[in-house]
Amino acid sequence: MGLRICLVTPFAWSQPHDVNEHVAGVATELRRLGHSVTILASSNRARDLAAGRRSLLDGAEAELVAVGPAVPISRRSRIGVPVGVRANLSIALALGRFDVVHGFEPGLPSLSYLALRDAQALSMATFVSPDRLGYPPGRAQRERLLGRIDALVATSAETAAAAAERFPGAYTVVSPGVDLALFEPGPKKRRIVVEWRATERPLFRSVLRALEDLPGWELVALRTKPLMGRPTLGRELRERVSVRSARDGRARAAILGEAAIFVPAAGGLARVSLEAAAAGCAIAAPAGVATQPELAGAEVARLGEDERFRTRRQEAARASAEGQSFAAVAGRLDEVYRSLAGRRRRPTRTADPLVDREWILCDLHMHTSWSHDCSVDAADLVGYADGIGLGAIAVTDHNVIGGALAAAELARDRDLIVIPGEEVKTDGQGEVIGLFLEREIPRGLSFADTIAAIREQGGLVYLPHPFDRMHAIADPATLHRHLADIDVFEVYNARLLFEGYNDEAVRFAAKYNLTVGAGSDAHVLQGVGTGALRMRAFDGPEEFLLSLRTAHVLRRPKSLVYLQGLKWVAQAKERVR
């Protein structure tokens, strides 16, 4: 079954760009695979903007939706996207009901960054150039963005290595992609094409020197970007050298199809080199040419003089390009999209088996004096929770279970369910709570081993404050890797300093259809019940999970300054004693 896929490019669709060519080629092949693909972009073309407005009114069903005029991109400034364009982007993302939002070059302040930051769907990022990684400048912003990205892709190993410095994670490397039919090799002329860069004049001069010794050959300086200037030529070679501008693939195909040799610039576009290979050009790019540009001239001279050698290199270039078609790239991306879709849990639509049970209030996260930072006695906690009308609590002391077991024993004669738990500090990946435990789990285990220790006891895995960056938390890669192991995902913790961390947890849980939980994280009695769930009464872990399907999160916050002040006073009294 096809997916609804949104591809977002940061560059104006009305202007040729290598990223846009990649997006267009991939979109065409994804549609052939049965997916519904919509491209979101800016544009300065009036008809694109008019069609974009109509599409937003019709539900963003078009293949291309221009959400507004193009704006300059600067890595040193804030996002320069007008308010109206941002609003149109938000409308398109909401109306599209996309399964996957795929942003390209999100390391720029652009539509791609905003789309990945705001999308409610599964999200994926592709990095094309190692020079477009400057945004966002703050580490916290990058971590927040990375937490919302489900898969990372790069179009080269070099780009993946550079991107991993700022956006750590496991990268899938795909080809830039090429249209093999468009770049079908034609009859070859004695033509050398050099990718012109004004900053790489020594490379061009080395090829010119080789051209002097190749009678009957011509040279084309290929400009692939605007405002690139022209090379300086001597009189004796002017008739054999021409300058051509070709900013899009269709224009380059006519030039490369007849060329015998192609010399890429060291800082040139990877797409152009791939197009030249597909067109059957012998690629003159010897190792070390970036530091010794004269090597390119020597390679051109050999290719020009030795026809058999040139033919072998042309055939090898075409063969290498045949495995890098847009169809092959789309097939690889299709695998990634479907693996992401498999992470999302299917919503359960069965009848509520606990419909006849009464509703109770349940606080799933609190502490007793067994925690190093709490002075609440277990007996006082049980009495207070029962007195304020809670029907169930989970006692989750830091790295110990004695307080939870004591509270469970004290509640035997009350109408209060106590779930024995433990908030376990892992080895560098934050904390994990085990519910319905019988034995203490040691701190310092890996994230995976901590989960295994909880499972060994038949307990449930509860992930507390997953995005509270004021404390140690699991990195995005660990979180995504263990999604299937998490039984309950805490979306409201009443003790967080910034409410945005709870909001982040809400959107994450909604994205993957995770079972949600809430708790007060109380360290003083006055905090108990400030975060809770309204759920059906349960007996044991299985019924507990069933009850959570129909539970409702209750936010009953008190002043965090007040609660934290009470905690500090209590700790001070303990030290005085």
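Check the entry above for the structure.
Definitions and limits used
- Residues numbered from 1 in each chain as written.
- Predicted model: local features only at pLDDT ≥ 70, side-chain atom pairs only at ≥ 80, totals over all residues.
- Heavy atoms only, no water.
- Patch = residues over 30% accessible without salt bridge, like charges linked within 9 Å, V, L, I, M, F, W, Y side chains within 5 Å.
- Areas by Shrake-Rupley, 256 points an atom, 1.4 Å probe, with all protein chains shown as cover.
- Salt bridge = Lys/Arg side-chain N within 4 Å of Asp/Glu carboxyl O.
- Lys, Arg positive; Asp, Glu negative; His and termini not counted.
- Charge placed at Lys NZ, Arg CZ, Asp CG, Glu CD.
- Helix = DSSP H or I, 4+ residues; strand = E, 2+ residues; numbered from the N terminus.
- Buried < 20%, exposed > 50% of the residue type's maximum accessible area, 1.4 Å probe, protein only.
- Contact = heavy atoms within 4.5 Å.
- Phe/Tyr/Trp six-rings, centres within 6.5 Å; stacked < 30°, edge-to-face > 60°.
- Lys NZ or Arg CZ within 6 Å of the ring centre and 35° of its normal.
- Core = buried A, V, L, I, M, F, W, Y, C linked by side-chain atoms within 4.5 Å.
- Pairing = 2+ DSSP bridges.
- Right-handed = clockwise from strand over helix to strand, strands pointing away.

Caption draft 1: Geometry of a negative patch on the surface. Residues Glu-212, Asp-213, Glu-236, Glu-305, Asp-306 and Glu-307 make up a contiguous surface patch of negative charge. Tracing the backbone through its elements, the reader meets Glu-236 in the loop between β9 (218-223) and β10 (241-245). You can call Glu-236 exposed: its relative accessible area is 60%.

Caption draft 2: Looking closely at the environment of Val-506. Structurally, the position occupied by Val-506 is in helix α17 (residues 499-512). The class for Val-506 is partly exposed, based on a relative accessible area of 35%. Once the C-alpha coordinates of Val-506 and Tyr-492 are considered, the two residues, 14 residues apart in sequence, prove to be 7.8 Å apart. Setting aside chain neighbours within four positions, we find Val-506 in contact with Val-491 and Arg-555.

Caption draft 3: Spatial organisation of the packing of aromatic side chains. Counted by the stated rule, this structure contains 11 aromatic pairs. Centre to centre, the rings of Trp-196 and Phe-204 are 5.4 Å apart; their planes meet at 80°, and the pair counts as edge-to-face. Across this residue pair, the class does not change: Trp-196 and Phe-204 are buried. Between Phe-498 and Tyr-501, the aromatic rings sit 5.7 Å apart at their centres with planes inclined by 85°, giving edge-to-face as the arrangement. Phe-498 gets classed as partly exposed once you look at its relative accessible area, which sits at 43%. Judged by its relative accessible area of 13%, Tyr-501 is buried. Between the NZ or CZ atom of Arg-302 and the centre of the ring of Phe-309, over which it lies, the distance is 3.9 Å. The ring of Trp-359 has Arg-534 sitting right over it, with the charged end atom 4.2 Å from the ring centre.

Caption draft 4: Structural view of the nonpolar core. In terms of nonpolar packing, the biggest core is built from 67 residues, with Leu-7, Met-124, Leu-333, Tyr-337, Ile-393, Phe-489 and Phe-508 touching the most fellow members. Counting residues per element, this core draws most heavily on helix α12 (residues 326-341), at 7 residues. Among all residues touching Leu-7, those that are not within four sequence positions of it are Val-23, Ala-27, Val-37, Thr-38, Ile-39, Leu-40, His-102, Phe-104 and Tyr-337. Counting residues in each nonpolar core, the second largest holds 33 residues, with Leu-89, Leu-111, Phe-127 and Leu-145 among its members.

Caption draft 5: Highlighting the pairing of strand β8 (residues 191-195). The buried fraction of β8 amounts to 5 of the 5 residues, a majority that puts the element mostly inside the structure. The pairing of β8 with β9 spans 5 bridges and is parallel. Residue Glu-195 lies in a different strand from β9, and its bridge partner there is Leu-222. A crossover connection joins β8 to the parallel β9 through helix α7 (residues 201-212); in handedness this β-α-β unit is right-handed. Of the strand pairs in this sheet, β8 and strand β11 (residues 261-263) are connected by 3 bridges, and their pairing is parallel. In the sheet register, Ile-192 faces β11, and the bridge partner there is Ile-261.

Distances and angles like these do not, on their own, reveal function.
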